[in-house]
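# Reading the structure
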Amino acid sequence: MTKLLTTLTAAIAVCTVAGYALLGNPTQAVADEAELGAEAPAFSLRNVNTGADVSLADFEGKTVVLVFHSTTCPWYRMRDNGGYDRVLIPMAAEYADDDVVFLGINANRTESTENIAEYVTTHESYPVLKDEGNVVADAYGARVTPHVYVINGEGELVYKGAIESRVSNPGACGTSETPYLKPVLDALINGTELPYTDTTSEVKGCSIKRV
C-alpha cells in the first residue's frame, strides 16, 4: 500500500511525458529528455532512510543535483577500485556550504528500499529517494545510473548528462581530464556562464531497470 501511494504521489506531481523512445532493451522505454531552460519536472518521493516525503519544491533557492542511483551498478556503487559514488559523496559534502543539494533517485525495480537504505547508511551518502514505478526517471528521460540533472535556484533545468567525459571502465571513474559536473556547479555558484548544458551523449553506466 505504501509503495502504491508513493507511486501515485509521484505520478500526480510529474506532468505526463509523451513520445517514448526505445533504448537498447526494447522492453525498457525511455521518455523524451526534460527540456533545458524550462521548469524542472516536479516530484515528491520518499527518503529511503527517514521515510519522509521529499519534494523538489523543498529546495527553492538552492541548486539541486539529481543523480539517478544504483547500489548494484559497478559504474555507480562505492568500491575501493571504482564507481562514481566515490566521487559523488565527497562532492556533495564539498558543495553543501554553497547551497548545493545532492539527491539520489533510485528507480530500479530490482533494488529494494531496505537495501538502498542500508547502502546509504553504510557509505554516509547524500539522501536517496525511491522512485517506485520509475515515474520520475521517465519524466526526466533518465537513461542510466548515473545520469545527472542540475536544477538552479529558480527551479530551471540547466544541465543534464554525465559527471565527466567517458572513461573506459568503472575502475577509472573520476579520472577523466574533462570533468562536466564540477565546472557547471562552480559556474552556478559564481554566477558565470555554464561551460556545459547537455552532455547526454557522454553518459556511461547501467540501464535503469524499469517496470
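Scroll up for the structure.
A brief structural summary. (Residues numbered from 1 in each chain as written. Predicted model: local features only at pLDDT ≥ 70, side-chain atom pairs only at ≥ 80, totals over all residues. Heavy atoms only, no water.)

Evaluated as defined, the whole model comprises one cavity of 30 Å³ or more. Space inside the largest cavity adds up to approximately 70 Å³. What lines the largest cavity is simply Tyr84, Pro146, Ala162, Ile163, Glu164, Ser165, Arg166, Val167, Glu202, Val203 and Lys204. The residue inventory of the lining of the largest cavity, partitioned by class, reads six nonpolar, one polar and four charged. (1 Å grid on protein atoms, 1.4 Å probe; cavity = no way out; pocket = protein on both sides within 12 Å on 5 of 7 lines; lining within 4 Å. Points joined across faces, edges and corners; volume = space filled by probe spheres on them. Nonpolar A, V, L, I, M, F, W, Y, C, P; charged D, E, K, R; others polar.)

Looking now at the side chain of Asn106. Within the secondary structure layout, Asn106 lies in strand β6 (residues 100–106). Here Asn108 takes part through its backbone nitrogen, which lies 3.1 Å from a polar atom of the side chain of Asn106. Those residues in contact with Asn106 that sit more than four places away from it in its chain are His69, Ser70, Thr71, Glu111, Ile116, Val128, Leu129, Lys130 and Asp131. (Helix = DSSP H or I, 4+ residues; strand = E, 2+ residues; numbered from the N terminus. Polar contact = N/O pair within 3.5 Å; in protein donor to acceptor, adjacent residues only side chain to side chain. Contact = heavy atoms within 4.5 Å.)

What characterises a pair of aromatic rings is the spacing of the ring centres plus the angle enclosed by the ring planes. Summed over the entire model, instances satisfying the criterion amount to five aromatic pairs. When the ring of Phe68 is compared with that of Tyr149, the centres are 5.8 Å apart and the planes differ by 85°; the resulting orientation is edge-to-face. With Phe68 in strand β5 (residues 63–68) and Tyr149 in strand β9 (residues 148–151), the pair connects residues that are 81 residues apart, well separated along the chain. Each member of the pair, Phe68 together with Tyr149, is buried. Look at Tyr140 and Tyr149: their rings are 5.2 Å apart centre to centre, the planes differ by 65°, and that puts the pair in the edge-to-face class. Judged by relative accessible area, Tyr140 falls into the buried class, the value being 0%. Among the aromatic residues, those joined into a ring-pair cluster are Phe68, Tyr140 and Tyr149. (Phe/Tyr/Trp six-rings, centres within 6.5 Å; stacked < 30°, edge-to-face > 60°. Buried < 20%, exposed > 50% of the residue type's maximum accessible area, 1.4 Å probe, protein only.)

In short, shape yes, function no, at least from these values alone.
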